Amino acid sequence: MLENFSLKPYNTFGVEARSRYFAEVNSIEELKDTLTFAQDRSLQLLFLGGGSNILLTKDFDGLAIKLNLKGISEENINDHEVLITAKAGENWHEFVMYCLQKNYGGLENLSLIPGNVGTSPMQNIGAYGTEIKDVFVSCQVLDLKNLELTTFDLEQCRFGYRDSIFKQEGKGRYVILEVTFKLTQREHHIKTEYGAIKSELENLGIANPTIQDVSKAVINIRQSKLPDPKEIGNAGSFFKNPTIPSAQFEDLKQKFENIQGYPNGAMVKVPAGWLIEQCGWKGRQIGNVASHKLQSLVIINATGNATGKEIFDFSTEIINSIKEKFGIELEREVNII
């Protein structure tokens, strides 16, 4: 158990914040012992995965736990499908690459998303027409109330857009230990209709893409648009794409002819990046913080010296300006600590 521990290496924004206590756990037994230590002292808990979806705005007066549970196992269902289970501490992108090397399909569109496997169900991570819920089977969790193991299936997780039970009433109660996915072994369902995948495949001279080709296209696109957290501090997309009623969208279209929107029943999803650009934030810097010059959805620690509060305040400025101009309130996708 370490005390007064710097969390700077454990968050992809690279902001300095210290935790009163810190522990790295490599097994469920170690995790239970660590949690008992916390319960005996009535300490708040902060679980750290890849650190790619948190913004630390202050020091943490509790126990930060780095989940380092590792391991991947497989179970054949039939000739077409396989169940694959990964522990929470496995790096997400490395796990996707492992599946692709085995020619298991279903995760290729989620290549190069930062973070660890354990946090993927919390956000119902998604990209380029695929979400975790599309291939999710179950996850094993530890109930922090009684330190008992339990399993959540697809229905119990109540996945929504970047949402799940673990961000709602289950927030702070469960820690995800491992996740099981059902992937294809043959006759893969190739999804190329989202984003720039088709044009990138054309650039690569690929007419009949494999799942590996789709992954390569996604990686190329993400690398061309998104800054590497190892080089410049960021947490990927900072905001969710807002969903508004169709009537509100039609009213906005009268005023802003070029507004983009994707109908979904009686609602319309509006790209947050477009809204941010229209308010002049793309590439704009205030002090140590900026909106990325290529992808306005990404807020960056531009100088490497930003505090979490500076980044939070910058995001508030963006939210306020969009609400004033469009009457739409952006919601942060990143967890604020």
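Up top you'll find the structure we're talking about.
Here the structure is a predicted model, which means the values were calculated and not measured.

So, how was this worked out
Residues numbered from 1 in each chain as written. Predicted model: local features only at pLDDT ≥ 70, side-chain atom pairs only at ≥ 80, totals over all residues. Heavy atoms only, no water. Helix = DSSP H or I, 4+ residues; strand = E, 2+ residues; numbered from the N terminus. Rg over C-alpha atoms; globule rule 2.2 N^0.38 Å. Buried < 20%, exposed > 50% of the residue type's maximum accessible area, 1.4 Å probe, protein only. Contact = heavy atoms within 4.5 Å. Areas by Shrake-Rupley, 256 points an atom, 1.4 Å probe, with all protein chains shown as cover. Lys, Arg positive; Asp, Glu negative; His and termini not counted. Charge placed at Lys NZ, Arg CZ, Asp CG, Glu CD. Pairing = 2+ DSSP bridges. Axes fitted to C-alpha atoms, helices over the stretch in contact; angles between N-to-C directions. Core = buried A, V, L, I, M, F, W, Y, C linked by side-chain atoms within 4.5 Å. Phe/Tyr/Trp six-rings, centres within 6.5 Å; stacked < 30°, edge-to-face > 60°. Lys NZ or Arg CZ within 6 Å of the ring centre and 35° of its normal. Polar contact = N/O pair within 3.5 Å; in protein donor to acceptor, adjacent residues only side chain to side chain.

## Some points on the overall build of the protein chain
Scanning the protein chain for helices and strands turns up 9 helices and 20 strands. Radius of gyration (C-alpha) of the protein chain: 21 Å, near the 20 Å computed for a compact globule of 337 residues. With the principal axes as the frame, the protein chain shows a C-alpha extent of 60 × 55 × 35 Å. Residue burial in the protein chain is summarised as follows: out of 337 residues, 50% are buried. Long-range pairs, those at least 24 residues apart, make up 60% of the contacts in the protein chain between residues at least 6 apart in sequence. Only carbon and sulfur atoms are counted for the fraction: they give 44% of the accessible area of the protein chain, which is about 16,200 Å². Put simply, the protein chain has 36 plus and 43 minus side-chain charges, and the middle of one group is 4 Å from the middle of the other.

## Comments concerning the sheet that holds strand 3 (residues 44–48)
Here we have 4 strands laid out as an open sheet, ordered 1-2-5-3, and mixed in their pairing. Of all strands in the sheet, those with a lone pairing partner are strand 1 (2–6) and strand 3, marking the two edges. Within the sheet, the average angular offset between the axes of one strand and its neighbour, ignoring direction, is 45°. Judged from the 6 bridges that link them, strand 2 (residues 18–25) and strand 5 (residues 60–67) form a sheet pairing that is parallel. Across the sheet, residue Tyr 21 finds its bridge partner in strand 5, namely Leu 63. On the sheet, helix 1 (residues 28–40) packs against strand 2, strand 3 and strand 5 and is oriented at approximately 175° with respect to strand 5.

## A few points about the pairing of strand 10 (residues 136–143)
Most of strand 10 is tucked away, with 7 of its 8 residues classed as buried. Where strand 10 lies against strand 11 (residues 148–153), 6 bridges are found, and the strand directions are antiparallel. Within strand 11, the position partnered with Gln 140 by the bridge is Thr 151. Where strand 10 folds back on strand 11, the antiparallel hairpin that results is connected by 4 residues, among which Leu 147 adopts a positive phi of roughly 60°.

## So, the nonpolar core
Of all hydrophobic cores here, the largest spans 42 residues; its most connected members are Phe 239, Ile 311, Ile 318, Phe 326 and Leu 330. Of all elements in the fold, only strand 3, strand 4 (54–55), strand 5, helix 7 (246–255), helix 8 (272–278) and helix 9 (308–326) reach the threshold of two or more residues within this core. The biggest single contributor to this core is helix 9, with 6 residues. One finds Phe 95, Val 141, Ile 165 and Ala 217 within the second-largest nonpolar core, a separate group that totals 38 residues.

## Observations regarding unusual backbone geometry
One non-glycine residue with positive phi stands out, namely Asn 124, at about 45°. As for its position among the elements, Asn 124 is in the loop between helix 3 (120–123) and strand 8 (126–127). Although it is not a glycine, Arg 162 adopts a positive phi angle of roughly 50°. Examined against the element boundaries, Arg 162 turns out to sit in the loop between helix 4 (154–157) and strand 12 (174–184).

## Focus on the packing of aromatic side chains
Inspection of the entire model under this criterion finds 16 aromatic pairs. Taken together, a centroid distance of 4.6 Å and an interplanar angle of 50° make the contact between Phe 256 and Phe 326 tilted. In this pair, Phe 256 sits in the loop between helix 7 and strand 15 (262–264) while Phe 326 sits in helix 9, placing the two residues 70 residues apart along the sequence. As far as burial versus exposure is concerned, Phe 256 and Phe 326 are alike and both buried. The rings of Phe 5, Tyr 10 and Phe 22 are connected pair by pair, giving a single aromatic cluster. One Lys or Arg, Lys 269, reaches over the ring of Tyr 161 and ends 4.0 Å from the middle of that ring. In this arrangement the basic side chain of Arg 284 is found over the ring face of Trp 281, its NZ or CZ atom lying 4.3 Å from the centre.

## Let's talk about the environment of Ala 86
Mapped onto the secondary structure, Ala 86 falls in strand 7 (residues 81–87). Considered as a pair, Ala 86 and Gly 49 are 37 residues apart in the sequence and their alpha carbons are 14 Å apart. Residues in contact with Ala 86, not counting those within four places in the same chain, are Gly 71, Ile 72, Phe 95, Val 117, Glu 178 and Val 179.

## Concerning the side chain of Asn 68
If you trace the backbone, Asn 68 turns up in the loop between strand 5 and strand 6 (72–76). A polar side-chain atom of Asn 68 sits 2.9 Å from a polar atom in the side chain of Asn 26. The residues touching Asn 68, leaving out its near neighbours within four places in the chain, are Glu 24, Val 25, Asn 26 and Gly 89.

## Some remarks on the sheet that holds strand 19 (residues 298–301)
Taken together, 4 strands build an open sheet; the order of strands is 13-19-18-17 and the sheet is antiparallel. Since the sheet does not close on itself, it has two edges, and those belong to strand 13 (233–237) and strand 17 (285–286), each with one partner. Pairing of strand 13 with strand 19, which is carried by 3 bridges, proceeds in the antiparallel orientation. In the strand pairing of strand 19, Gly 233 is matched with Asn 301.

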